[in-house]
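# Summary of structural features
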Amino acid sequence: MASHAFDGPQKDPGLAFVLTILGFFFVAGLQYFYLGKYIKGVLFLITIGFFYLGTIISLFTIRRATRKVNRKRYLGLR
């Protein structure tokens, strides 16, 4: 059996989606802080989700980004 370096539970794509929606009403970029993408989170925070356009795009891409982060964490790359 191969052992994988895995730190903690998987990130939940549903929670990441909810955090994206909250970006329209409260603080933009929470979904990226949750996924550990701090630079992108700060950019969203400063620019109000790239003037909401980035937040709209995130609604369609956040599930894939969450799967990618989970895969990297499972393989020990992150």
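Structure shown above.
Residues numbered from 1 in each chain as written. Predicted model: local features only at pLDDT ≥ 70, side-chain atom pairs only at ≥ 80, totals over all residues. Heavy atoms only, no water.

### Some words on the packing of aromatic side chains
Centre distance and the angle of the planes are the two values used to describe a pair of aromatic rings. Applying the stated criterion across every chain yields a total of four aromatic pairs. Note on F24 and Y52: the rings are 6.1 Å apart at their centroids and 10° apart in plane angle, and the pair reads as stacked. Remark: Y52 occurs in the loop between α4 (48-51) and α5 (53-75) and F24 occurs in the loop between α1 (13-22) and α2 (30-35); sequence separation between them is 28 residues. These aromatic residues form a ring-pair network of at least three members: Y32, F44 and F50. (Phe/Tyr/Trp six-rings, centres within 6.5 Å; stacked < 30°, edge-to-face > 60°. Helix = DSSP H or I, 4+ residues; strand = E, 2+ residues; numbered from the N terminus.)

### Thoughts on α5
The end-to-end C-alpha distance of α5, which contains 23 residues, comes to 32 Å, matching closely the 33 Å that a straight helix rising 1.5 Å per residue would cover. T61 marks where α5 bends most, by close to 55°. Of the positions making up α5, those classed as buried are G54, T55, S58, I62, A65, T66, V69, N70 and R73. Two residues or fewer after α5 comes G76, characterised by a positive phi angle close to 80°. (Expected span 1.5 Å × (residues − 1). Bend = angle between axes of the 7 residues up to and from the residue. Buried < 20%, exposed > 50% of the residue type's maximum accessible area, 1.4 Å probe, protein only.)

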